[in-house]
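Examining the three-dimensional arrangement
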Amino acid sequence: MPTMPTTPLPAQPYPYPLPATGLALLIIDMQRDFIEPGGFGDALGNDVSLLRAIISNVKALQEAFRRYNLPIFQTVEGHLPDLSDCPSSKRDRGTSALKIGDPGPMGRILVLGEPGNGIIPELAPLPGEVVIPKPGKGAFFATDLEHHLIKQGITHLVITGVTTEVCVQTTMREANDRGYECLLVEDATESYFPEFKRATLEMVRAQGGIVGWTSCTETLLQALAQHYAAQPLEPYL
Ligand code: TIU
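Presented here is a report on the structure given in the accompanying data block.

Turning next to the sheet that holds strand β3 (residues 23-28). What the six strands build is an open sheet, ordered β7-β4-β3-β8-β9-β10; its pairing is parallel. Looking at which strands have only one partner, the edges of the open sheet turn out to be β7 (130-134) and β10 (213-215). When strand polarity is set aside, the average angle formed by the axes of neighbouring strands in this sheet is 25 degrees. Sheet topology note: the β3/strand β8 (residues 156-162) ladder contains six bridges and is parallel. Bridge pairing in β8 places leucine 23 opposite histidine 156. Against the sheet, helix α7 (residues 194-209) touches β9 (181-190) and β10, its axis set at about 165 degrees to β9. Where helix α8 (residues 217-227) meets the sheet, its contacts fall on β3, β8, β9 and β10, and the angle it forms with β9 comes to roughly 130 degrees.

Structure (structure tokens):
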């Protein structure tokens, strides 16, 4: 296989090979369920306000990828209204009063199409941007994400979203096993548990980047501006 030209991006545990082509942004589960009161994250007993801290950085990356005409894929965790794609182990786990499928303040908990399942307004996708519904924690399990990535020639993934140690880490491990070069953006991913976020960042980049690399929003924005050409705006922008 011919080697693709890359540029070293400052990252841990060593510079990330930013490719000339084949880069995409993956935004994991920035949906109201996890970020606003009354959703699944809240029902699990978490302080959902903690996750708002990354919205501006994810937004800055989303706008940059649009500017350079690089693909953006968003995911939402959710289930079909009949819950046929929700294993009973997932529905029954835990002690919270509100379970998946129950009516909550933002509609049925973690059900596709319900108000709580929508992506937060700040990060709403534009027409044509792909949103992948996923029934599991990983974005590759029972979805067509890999099909989209292969079709668009994606080899390198910039990964953002929530929560760091659950859906983000699971997705990064799935992607890593499939051969994608993954960069996790430290200040564009968040957890309800600061110590879990810290541990996740450390474990993915340990052992020579066993799962991939980590870097920061500003570093990536600067590198994108240097190495990618801004594209003319689409008429709907
Ligand atoms: N509970 C928790 O931290 N996360 C999830 O259930 N899903 C995602 O991480 N998206």
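Here the focus is the pairing of strand β4 (residues 72-77). Counting buried residues along β4, six of its six residues qualify, which places the element largely inside the surrounding structure. Side chains of β4 alternate between two faces, with Ile72, Gln74 and Val76 and Phe73, Thr75 and Glu77 buried alike. As paired strands, β3 and β4 are joined by four bridges and run parallel to one another. Considered in β4, the bridge of leucine 25 is made with isoleucine 72.

This paragraph deals with empty space enclosed by the protein. Enumeration according to the criterion identifies one cavity of 30 Å³ or more in this entry. When its volume is computed, the largest cavity comes out at roughly 30 Å³. Lining the largest cavity are Asp33, Gly38, Gly39, Phe40, Met106, Gly107, Arg108, Ile109, Leu110 and Gly116. Counted by class, the lining of the largest cavity contains four nonpolar, four polar and two charged residues.

It is worth spelling out the packing of helix α6 (residues 164-177) against α7 at this point. Look at α6 against α7: their axes get within 10 Å of each other, and the N-to-C directions meet at 15 degrees. Taken as axis vectors, α6 and α7 run roughly parallel relative to one another. α6 and α7 meet at a crossing whose hand is right-handed. Contact residues: α6 offers Thr164, Glu165, Gln169, Met172 and Arg173, while α7 offers Phe196, Lys197, Thr200, Met203 and Val204. A breakdown of the residues in the contact of α6 with α7 according to their chemical character gives four nonpolar, three polar and three charged.

Looking now at the layout of surface pockets. The calculated volume of the largest pocket comes to roughly 460 Å³. Surrounding the largest pocket, 23 residues form its lining, Phe40, Leu44, Asn46, Lys137 and Val166 being those nearest its centre. Those elements giving two or more residues to the lining of the largest pocket turn out to be α2 (40-43), α4 (88-92) and α6. Of all the elements, α6 adds the most residues to the lining of the largest pocket, at three residues.

Our next topic: the side chain of glutamate 186. Looking at the secondary structure, you find glutamate 186 in strand β9. At a separation of 2.9 Å, a polar atom in the side chain of glutamate 186 contacts the side chain of threonine 214. What glutamate 186 contacts, discounting residues up to four positions off in sequence, is Gln12, Lys197, Leu201, Arg205, Thr214, Ser215 and Cys216.

With respect to spatial proximity, the complete set of residues near the ligand consists of Asp29, Phe34, Phe40, Leu44, Glu77, Lys137, Val162, Thr163, Val166, Cys167 and Tyr192. Between the ligand and valine 162 there is a distance of 3.2 Å, counted from a nitrogen atom to a backbone nitrogen or oxygen. In this structure, threonine 163 approaches the ligand through a side-chain N or O atom, which is 2.8 Å from an oxygen atom. Protein chains bury 93% of the 280 Å² of accessible surface belonging to the ligand in isolation. Among the detected pockets, the ligand sits in the largest pocket. Among the residues forming the shell around the ligand, the class breakdown is seven nonpolar, one polar and three charged.

Parameters at a glance
Residues numbered from 1 in each chain as written. Predicted model: local features only at pLDDT ≥ 70, side-chain atom pairs only at ≥ 80, totals over all residues. Heavy atoms only, no water. Pairing = 2+ DSSP bridges. Helix = DSSP H or I, 4+ residues; strand = E, 2+ residues; numbered from the N terminus. Axes fitted to C-alpha atoms, helices over the stretch in contact; angles between N-to-C directions. Contact = heavy atoms within 4.5 Å. Buried < 20%, exposed > 50% of the residue type's maximum accessible area, 1.4 Å probe, protein only. 1 Å grid on protein atoms, 1.4 Å probe; cavity = no way out; pocket = protein on both sides within 12 Å on 5 of 7 lines; lining within 4 Å. Points joined across faces, edges and corners; volume = space filled by probe spheres on them. Nonpolar A, V, L, I, M, F, W, Y, C, P; charged D, E, K, R; others polar. Parallel < 35°, antiparallel > 145°, perpendicular 65-115°, else oblique. Left-handed = near helix turned anticlockwise from the far one by under 90°. Polar contact = N/O pair within 3.5 Å; in protein donor to acceptor, adjacent residues only side chain to side chain. Near = heavy atom within 4 Å. Areas by Shrake-Rupley, 256 points an atom, 1.4 Å probe, with all protein chains shown as cover. Sits in = over half its atoms within 2 Å of the grid points.

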